[in-house]
Structure formats: structure tokens, C-alpha cells
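Spelled out, the chains give:
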Amino acid sequence: MCLHINRFLFTIFILFTCTNVYAEGGMIVKVLNDDGKPVENAVISAKPMDGEIIKPTTTPPTIIDQIDKTFIDYVTPVIVGTKINFPNNDKIRHHVYSFSPAKKFEIPLYPPGKEPNEPVVFDNPGVVVIGCNIHDWMKAYIYVLDTPYFAKTKTDGIAVIQGVPVGKYKVEVWHPHLKKSQEVMSHVVDLVKGKDGSVSFDIKVVDELKKRRAPNSFGGDNYR
Ligand SMILES: [Cu+2]
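Residues numbered from 1 in each chain as written. Predicted model: local features only at pLDDT ≥ 70, side-chain atom pairs only at ≥ 80, totals over all residues.

Q: Mind showing me how you'd approach the sheet that holds strand β16 (residues 167-174) here?
A: Working definition: the strands of a sheet are paired by backbone hydrogen bonds and lie parallel or antiparallel to each other. Spatially, the four strands line up as an open sheet ordered β14-β3-β16-β17, and their pairing is antiparallel. Single-partner strands in this sheet number two, and they are β14 (150-152) and β17 (186-191). Between one strand axis and the next, the sheet turns by 25 degrees as a mean value, whatever way the strands run. Pairing geometry for β16 and β17, over six bridges, is antiparallel. From the neighbouring strand, valine 171 faces β17, where its bridge partner is histidine 187. (Pairing = 2+ DSSP bridges. Helix = DSSP H or I, 4+ residues; strand = E, 2+ residues; numbered from the N terminus. Axes fitted to C-alpha atoms, helices over the stretch in contact; angles between N-to-C directions.)

The structure is reproduced here in C-alpha cells:
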């Protein structure tokens, strides 16, 4: 596996602005690094402090696609119990697997245009790292959550958690490159109907600038 890893620390600043908390606007989170640039693929999750979580009666099925030797999306947050399928919309075969304690699974080599007969059920909370047994650089993350209140930042660094009832929440941020010592960082956010609330904090992550696509020097034919 040829990796070019350039590690450096940067800081994420998170600003919460909560408008009318139930339905209108939801919980809006902005994630920036210490250069003030937006950070993509951070997962924000909120758990009510009183422990009462109203879980959805159904969990919509999700897919993680494989296109151009890349998993899409790189980060997929889901609620526990979600079924995920892994269609192969590439031009070559892939072999998807995970050794993560939260979900060990393997989908043996399957051809383009196919998806496995059965989706994988993610029934334990935690981080599941997935890879391809053929293409070492292919990597993606599934973050399985035990709360329905979560969202992922887009390229603008903004995530919006919709449908959060009023109340106090423990809000956490997770990112695939989060520094280990920062993994328990959280904030309490008190959502009050009709009032804006805001809170900010910063965390450090280790960024891995690693190739997630096929190295140019590799001929695709060798990896079919
Ligand atoms: Cu592959």
C-alpha cells in the first residue's frame, strides 16, 4: 500500500446557531478549521440530556456507491439498525469488507453493474471503516449512531440537524481524522423554543492527506 501521509494539526471551530428549535431551521452547525476554511465530512450528533430519544419507526435504506475506484460517500452517518447496500457502479470488480468491531463483514469480489443480494445491517453504534480487498486506497467511514439527530457537514462546512425538539442536548462532533484525545469532546446545548442559542468550541484533528483514488502509475487493467 503506497500512502503519502502528511500529518498536521488543525483546529475546528464549531458555531451552533439554533433558531426556533422544532422544525424551523433546526440546529445549524458550522465547522471551520483554524484557517477559517470550512471542514467537510464532520458528523454532528445530538443526544437529549434526559435520555429520551424518539427513534424513527423505520430507517431508510442507504447506499455507499463505488465509482471510479472510490467509495461514495467518504463518510456516511446512519442510525443504528440501518441497512446499507454497496452497489458496484464501476467498470471493475470490488471486494468490500470491514474488520471494525462495530461491524465485521465481507462481500466477496463482485462485478460491475451489480449490487449484493442482501444489504448489510449496521446494528451496533460505532465507527466502521470499510475498504476494498483489491484496491488498498479505497477507504470510507460509516458512523453508526444511537440517536436520530445527526447531520454531516457539506463543502461549506455547514450541517443542519432537522426536527430537533426543544430541550438540553449533548452535542458531539466526529471526523475521520479526529485526534484521539479529542474524541470525547462535547458541548451541552439548550434549545429553547423561540430563542436563538449559540455555542462554540474548537477541537484538534489529525488530517491525513492520503490518496483515496487510484494512483496514476497504476494501470486500471491490473486491478480488474
Ligand atoms: Cu476495489
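Still to come is the rest of the account.
Q: Explain the sheet that holds strand β11 (residues 120-122) to me, please; I cannot follow it from the model alone.
A: Within the open sheet, the three strands sit side by side as β4-β8-β11. Their pairing is mixed. If you trace the sheet from one side to the other, it starts and ends with β4 (62-63) and β11, each paired once. Bridge count between β4 and strand β8 (residues 82-85): two bridges; the pairing is parallel. Within β8, the residue paired with threonine 62 across the bridge is isoleucine 84.

Q: It is not clear to me how unusual backbone geometry should be interpreted in this structure. Could you clarify?
A: Among all residues except glycine, the phi angle is most often negative; among peptide bonds, the trans geometry is most common. Between isoleucine 72 and the following residue, aspartate 73, the backbone shows a cis peptide bond with an omega angle of 15 degrees. Among the structural elements, aspartate 73 can be located in the loop between β6 (70-72) and β7 (75-79). Of note in the backbone geometry, asparagine 41 takes a positive phi value of approximately 70 degrees without being a glycine. For asparagine 41, a count of 22 C-beta atoms within 10 Å puts it in the buried group. A positive phi is found at lysine 69, a non-glycine position, where the angle reads about 55 degrees. (Buried ≥ 20, exposed ≤ 12 C-beta atoms within 10 Å, placed from the backbone.)

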